[in-house]
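Below are the chains, spelled out letter by letter.
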Protein chains: 2
Amino acid sequence: MTAIMTAGSAAVDEAAAGWLDTTGRRCLAEAHEFVSARAAEHFSGRSEGALAETALPEFVAGGKCLRPLFAYVGWRCGQPESPAAVRAAAALELLHCFALVQDDVMDGSPLRRGRPALHVRFARWHEEQGWAGPASRFGESAAILFGDLFLVWSEQMLRESGLAAAQLARGWRHYDLMRAELAAGQLADLVNDARALPSWDTLLDVLRRKSGNYTVRRPLEFGAALAGCGPELLAGLAEFGGLLGEAFQFRDDLLGAFGDPAVTGKPAGQDLRDRKASSVVVLAAAMAGRRQQAELAELLELATVDDEAVARWQDLIVATGARDRMGELIAERAGKALAAIDPAVVPRHAADLLAALAARCTERDR
Amino acid sequence: MTAIMTAGSAAVDEAAAGWLDTTGRRCLAEAHEFVSARAAEHFSGRSEGALAETALPEFVAGGKCLRPLFAYVGWRCGQPESPAAVRAAAALELLHCFALVQDDVMDGSPLRRGRPALHVRFARWHEEQGWAGPASRFGESAAILFGDLFLVWSEQMLRESGLAAAQLARGWRHYDLMRAELAAGQLADLVNDARALPSWDTLLDVLRRKSGNYTVRRPLEFGAALAGCGPELLAGLAEFGGLLGEAFQFRDDLLGAFGDPAVTGKPAGQDLRDRKASSVVVLAAAMAGRRQQAELAELLELATVDDEAVARWQDLIVATGARDRMGELIAERAGKALAAIDPAVVPRHAADLLAALAARCTERDR
């Protein structure tokens, strides 16, 4: 812990943040190039593929690239910089694109990163062609298929990254877990949406499997395993990843309720409109006093959650103290995560990068 | 050609058919075991997973296993029997499960193999739980996610099949093409559905990419590449596969218009109800005389295709001569496919199996 705290000087922070920016851009450039080549290979010259050739690479280029960064920092725990490892890490961004595209279809989300979601773009394109049949159904089907392609291309990009077969062999188990947990977690999420309100414990369980593993822990383990790191280091990263993953999701849920649409690229209070049983809502329910319980019950009964209802929801969450408490939980989880990094095991440069990534995950506005 | 024709004796036919049955069962058993283990790993003890643990392995077990059989016959062109190669071939059945589950969602198909489609089963399960929210939406989302898992598990099953890394390395290119072409072909199919009626040439182009490659050619090439077969043999299999794949799809389209529901497990004339621009319909349109053109235009304008309309469609297709012509095209393609197998290049036992598979693809009733 001491080494980490010492590392937190302004110069070190700035150097780490600069490295994250540069490396994130490198990952996105690699992913963009790979997807452009695949889209050209399969869709070049086809009417239905013209949109794919522009929309798919564009979609890739807009990401925050968090999972590749965690994977590459995991790699840097045991190995020097490597273009092949950058490509292997970037493959996780394509996995994430798969998840986003299909989630947006399932949730019926109209916007992604401030622009029309992929299924909306394909539906509009269908309309522009003047074709028969429901455009929305076409848009959803096309988006699901392109999501499938992102899933396929992620694995192909990893396999063709240029890492040695022996290095790849160490990473597959983690990669497979990540993919399967992603789908299983999304399924659990669908179930949670459908129930009235899960308990805090049930919610944490879903959240751990969906975000704690997928966003931070598995990418870190994956990168460190590719680099041949030992069990002691992997165990420390697993603990760090589990805790920071929860903090990441808590922050995500705060943004889903209170985020600024101009920054998040999503409508204000989108999670509230979607009636998501997010951590913020579940915590507010748990902390509500008797009169607040009545208000909560009323909000949950509303047929549609409009702008006024979003404002009422936000007021209620603040009044229960849940918004402030979420902030405390995020800081607490992030602090414990950093404390799990043993300076005797994790190299100094990697610990600095992990601290910078932790800050990026928990203080972000989008 | 001569050798193939000679091989067509009753005893050889029977031996080949028996081998196909046995090997198909072995492939299905391997795929069933792999999926059962993965489902238990990710869903054991979870409420939302109880259905997955029964429904997913059941779904796998019901297949015709054509693609694994083509892959394994491809393997047998260059190598002796091998349990690892059976597993590698069986991985293609999981890829096919992925395609079927998501296609049924996109097409809104209620039945698969005479039973409720997976998205219908999940929707019913949602209703039984008495949960809020639209059950059909939940069913579709869950089916898409399980389709994703089949896609992931296919690649994992192949990688963990037990084949040597050098053998696998020869197969990935064909496997990647198969996966990407499958998604790109389905997209082209969505586009074709939406247009009024494509030309015969456009239809053949889609069909070649979707079925000619996916069902016969790519699996054969994949298996033969795993076995280390040379370019001359691969070229012969590619030609055989392209031609037989078209015959397969023509037969599929005949069954989609005229198949017996008790055997196909789908409602009579399902393709006609779905307004699919199938080869049968496109050929009927091309062959229709002036009065038949008027009847065709009327049928295409109908708001819904009910039982009576299906009967009118069937009469029209028969009257144009398209049904008989499809039969001729199937026999012609299958004959040319078998003629592409050079007895100087393809081992006799593999040629016998290819002939038996060709018969199975073109004479099937389901």
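Residues numbered from 1 in each chain as written. Chains lettered and ligands numbered in written order. Predicted model: local features only at pLDDT ≥ 70, side-chain atom pairs only at ≥ 80, totals over all residues. Heavy atoms only, no water.

## Points about the overall build of chain A
For step 1, the next point in the chain: Within chain A one finds 17 helices and two strands.
For step 2, the next point in the chain: Whereas a compact globule of 366 residues would reach a radius of gyration of roughly 21 Å, chain A reaches 21 Å, a difference of no more than 12%.
For step 3, the next point in the chain: Reported as C-alpha extents along the three principal axes, the dimensions of chain A are approximately 60 × 55 × 35 Å.
For step 4, the next point in the chain: Here chain A holds 366 residues, and 59% of them are scored as buried.
For step 5, the next point in the chain: Long-range contacts, defined as pairs at least 24 residues apart, comprise 76% of the intrachain contacts of chain A with a sequence gap of at least 6.
For step 6, the next point in the chain: Of the roughly 13,800 Å² of accessible surface on chain A, a fraction of 52% belongs to carbon and sulfur atoms. (Helix = DSSP H or I, 4+ residues; strand = E, 2+ residues; numbered from the N terminus. Rg over C-alpha atoms; globule rule 2.2 N^0.38 Å. Buried < 20%, exposed > 50% of the residue type's maximum accessible area, 1.4 Å probe, protein only. Contact = heavy atoms within 4.5 Å. Areas by Shrake-Rupley, 256 points an atom, 1.4 Å probe, with all protein chains shown as cover.)

## Focus: the environment of alanine 350 of chain B
Residues and elements named next belong to chain B.
For step 1, the next point in the chain: Topologically, alanine 350 is positioned in helix α17 (residues 348–363).
For step 2, the next point in the chain: Taking the relative accessible area as the measure of exposure, alanine 350 reaches 0% and is therefore buried.
For step 3, the next point in the chain: Between the C-alpha atom of alanine 350 and that of glutamate 41, which follows or precedes it by 309 residues, the distance is 38 Å.
For step 4, the next point in the chain: Apart from residues lying up to four places away in sequence, alanine 350 is in contact with Val73, Arg76 and Cys77.

## Quick notes on the interface of chain B and chain A
For step 1, the next point in the chain: Listed as interface residues are 47 residues of chain B and, on the opposing side, 47 residues of chain A.
For step 2, the next point in the chain: When the two sides are added together, the surface that chain B and chain A hide from each other amounts to roughly 4,200 Å², 64% of it contributed by carbon and sulfur.
For step 3, the next point in the chain: At the junction of chain B with chain A, the criterion picks out six salt bridges.
For step 4, the next point in the chain: The shortest N-O distance in the salt bridge between arginine 179 of chain A and glutamate 155 of chain B comes to 2.7 Å. (Buried area = accessible area lost by both parts, 1.4 Å probe. Salt bridge = Lys/Arg side-chain N within 4 Å of Asp/Glu carboxyl O.)

## So, the confidence of the model for chain A
For step 1, the next point in the chain: Across chain A, pLDDT averages 90, with 95% of residues at or above 70.
For step 2, the next point in the chain: Confidence drops under a pLDDT of 50 for residues 1–7 of chain A, and excluding neighbours within four residues, the segment shows 13 contacts in the predicted structure. (pLDDT = per-residue confidence, 0-100.)

## With respect to the nonpolar core
For step 1, the next point in the chain: With 254 residues, the main nonpolar core has Phe150, Phe240 and Leu244 of chain A together with Phe150, Phe240 and Leu244 of chain B as its most contacted residues.
For step 2, the next point in the chain: In contact with phenylalanine 240 of chain A, other than residues within four places in its own chain, are Phe70, Val216, Leu220, Ala337, Leu338, Ala340, Ile341, Leu354 and Ala358 of chain A. (Core = buried A, V, L, I, M, F, W, Y, C linked by side-chain atoms within 4.5 Å.)

## With respect to the relation of the copies chain B and chain A
For step 1, the next point in the chain: When chain B is brought onto chain A, the operation consists of a screw motion whose angular component is 180° and whose axial shift is 0.0 Å, with 0.0 Å RMSD remaining. What we have between these two chains is a two-fold relation. Taking the C-alpha atom as reference, chain B places aspartate 148 of chain B closest to the rotation axis, 3.6 Å from it. (Least-squares fit on C-alpha atoms with pLDDT ≥ 70 in both.)

## Brief notes about the side chain of histidine 174 of chain B
For step 1, the next point in the chain: One can find histidine 174 of chain B in helix α8 (residues 165–194).
For step 2, the next point in the chain: Excluding residues within four positions of it along the chain, histidine 174 of chain B makes contact with Arg218, Glu221, Phe222 and Ala225 of chain B.

## Topic: the packing of aromatic side chains
For step 1, the next point in the chain: One pass over the structure, following the stated rule, counts 18 aromatic pairs over all chains.
For step 2, the next point in the chain: With centroids separated by 6.0 Å and ring planes inclined at 40°, the aromatic side chains of tyrosine 175 of chain B and phenylalanine 222 of chain B adopt a geometry described as tilted. Remark: phenylalanine 222 of chain B occurs in helix α9 (residues 200–226) and tyrosine 175 of chain B occurs in helix α8; sequence separation between them is 47 residues.
For step 3, the next point in the chain: Taking relative accessible area as the criterion, tyrosine 175 of chain B reaches 0% and is therefore assigned buried.
For step 4, the next point in the chain: In this structure phenylalanine 222 of chain B comes out as buried when scored by relative accessible area, which is 1%.
For step 5, the next point in the chain: Connected via pairs of aromatic rings, a cluster forms that spans Phe43, Phe122 and Phe146 of chain A.
For step 6, the next point in the chain: It is arginine 159 of chain A that lies over the ring of tryptophan 172 of chain B; its NZ or CZ is 4.0 Å from the centre. (Phe/Tyr/Trp six-rings, centres within 6.5 Å; stacked < 30°, edge-to-face > 60°. Lys NZ or Arg CZ within 6 Å of the ring centre and 35° of its normal.)

## Points about unusual backbone geometry
Residue and element names in this part refer to chain B.
For step 1, the next point in the chain: We note that cysteine 65 has phi near 65°; this positive angle belongs to a residue other than glycine.
For step 2, the next point in the chain: Of note, cysteine 65 is situated in the loop between α3 (50–61) and α4 (66–76).
For step 3, the next point in the chain: Residue cysteine 65 is classed as buried on the basis of its relative accessible area, which comes to 3%.
For step 4, the next point in the chain: If you check the backbone angles, arginine 275 has positive phi at about 55° while not being a glycine.

## Description of the pattern of salt bridges
For step 1, the next point in the chain: For the structure shown, the criterion picks out 56 salt bridges over all chains.
For step 2, the next point in the chain: Salt-bridge contacts for arginine 87 of chain B lead to glutamate 30 of chain B; the nearest nitrogen and oxygen are separated by 3.7 Å. One end of the pair, arginine 87 of chain B, is in helix α5 (residues 83–107); the other, glutamate 30 of chain B, is in helix α2 (residues 10–43), with 57 residues separating them in the sequence.
For step 3, the next point in the chain: Classification of glutamate 30 of chain B by relative accessible area gives partly exposed; the value is 22%.
For step 4, the next point in the chain: Among the charged side chains, a salt-bridge network with shared partners connects Glu155 and Arg159 of chain A together with Asp176 and Arg179 of chain B.

## Quick word on helix α3 (residues 50–61) of chain A
Residues and elements named next belong to chain A.
For step 1, the next point in the chain: Taking 1.5 Å of rise per residue, the 12 residues of α3 would be expected to cover 16 Å, and the 18 Å separating its terminal C-alpha atoms lies within 8% of that figure.
For step 2, the next point in the chain: Turning to α3, its buried residues are Leu51, Ala52, Ala55, Leu56, Pro57, Phe59 and Val60.
For step 3, the next point in the chain: Elements in contact with the buried residues of α3: α2 (10–43), α5 (83–107), β1 (111–112), α6 (118–129) and α7 (135–159). (Expected span 1.5 Å × (residues − 1).)

## Focus on the packing of α2 of chain B against α5 of chain B
Residue and element names in this part refer to chain B.
For step 1, the next point in the chain: Relative orientation of the contacting elements α2 and α5 amounts to 70°, with a least axis distance of 8 Å. The angle between the axes of α2 and α5 places the two elements in the roughly perpendicular class. Contacts between α2 and α5 involve Arg26, Cys27, Leu28, Glu30, Ala31, Phe34 and Val35 from the former and Pro83, Val86, Arg87, Ala90, Glu93 and Leu94 from the latter.
For step 2, the next point in the chain: Here the residues of the contact of α2 with α5 are counted per class, giving nine nonpolar, no polar and four charged. (Axes fitted to C-alpha atoms, helices over the stretch in contact; angles between N-to-C directions. Parallel < 35°, antiparallel > 145°, perpendicular 65-115°, else oblique. Nonpolar A, V, L, I, M, F, W, Y, C, P; charged D, E, K, R; others polar.)

## Remarks on the packing of α5 of chain A against α7 of chain A
Residue and element names in this part refer to chain A.
For step 1, the next point in the chain: Where α5 meets α7, the closest approach of the two axes is 8 Å, and the angle between their N-to-C directions is 165°. It follows that α5 is roughly antiparallel to α7 by the angle criterion. The chirality of how α5 crosses α7 is left-handed. Here Arg87, Ala88, Ala90, Ala91, Leu94, Leu95, Cys97, Phe98, Val101, Gln102 and Val105 of α5 lie close against α7, whose contacting residues are Glu140, Ala143, Ile144, Gly147, Asp148, Phe150, Leu151, Trp153, Ser154, Met157 and Leu158.
For step 2, the next point in the chain: In terms of residue class, the contact of α5 with α7 is built from 16 nonpolar, three polar and three charged. (Left-handed = near helix turned anticlockwise from the far one by under 90°.)

## Observations regarding the environment of methionine 287 of chain A
Residue and element names in this part refer to chain A.
For step 1, the next point in the chain: As for its placement among the helices and strands, methionine 287 is situated in helix α13 (residues 279–287).
For step 2, the next point in the chain: Measuring from C-alpha to C-alpha, the distance between methionine 287 and alanine 319 comes to 9.6 Å, with 32 residues separating the pair along the chain.
For step 3, the next point in the chain: Once residues within four sequence positions are removed from consideration, methionine 287 is found in contact with Gln292, Thr320, Gly321, Ala322 and Arg325.

## Quick look at the side chain of aspartate 104 of chain A
All names here are of chain A.
For step 1, the next point in the chain: Tracing the backbone shows aspartate 104 in helix α5.
For step 2, the next point in the chain: Taking relative accessible area as the criterion, aspartate 104 reaches 3% and is therefore assigned buried.
For step 3, the next point in the chain: Those residues in contact with aspartate 104 that lie beyond four places of it in its chain are Ser109, Leu111, Arg112, Ala117 and His119.

## With respect to the state of the cysteines
For step 1, the next point in the chain: Summed over all chains, the structure comprises zero disulfides over all chains.
For step 2, the next point in the chain: Here cysteine 65 of chain A is not cross-linked by a disulfide; its sulfur's nearest cysteine counterpart is in cysteine 27 of chain A, at 4.5 Å.
For step 3, the next point in the chain: Residue cysteine 97 of chain B stays outside any disulfide, its sulfur separated by 9.3 Å from that of cysteine 65 of chain B, the closest cysteine.
For step 4, the next point in the chain: Take cysteine 97 of chain B: its relative accessible area is 1%, and that puts it in the buried class. (Disulfide = S-S within 2.5 Å.)

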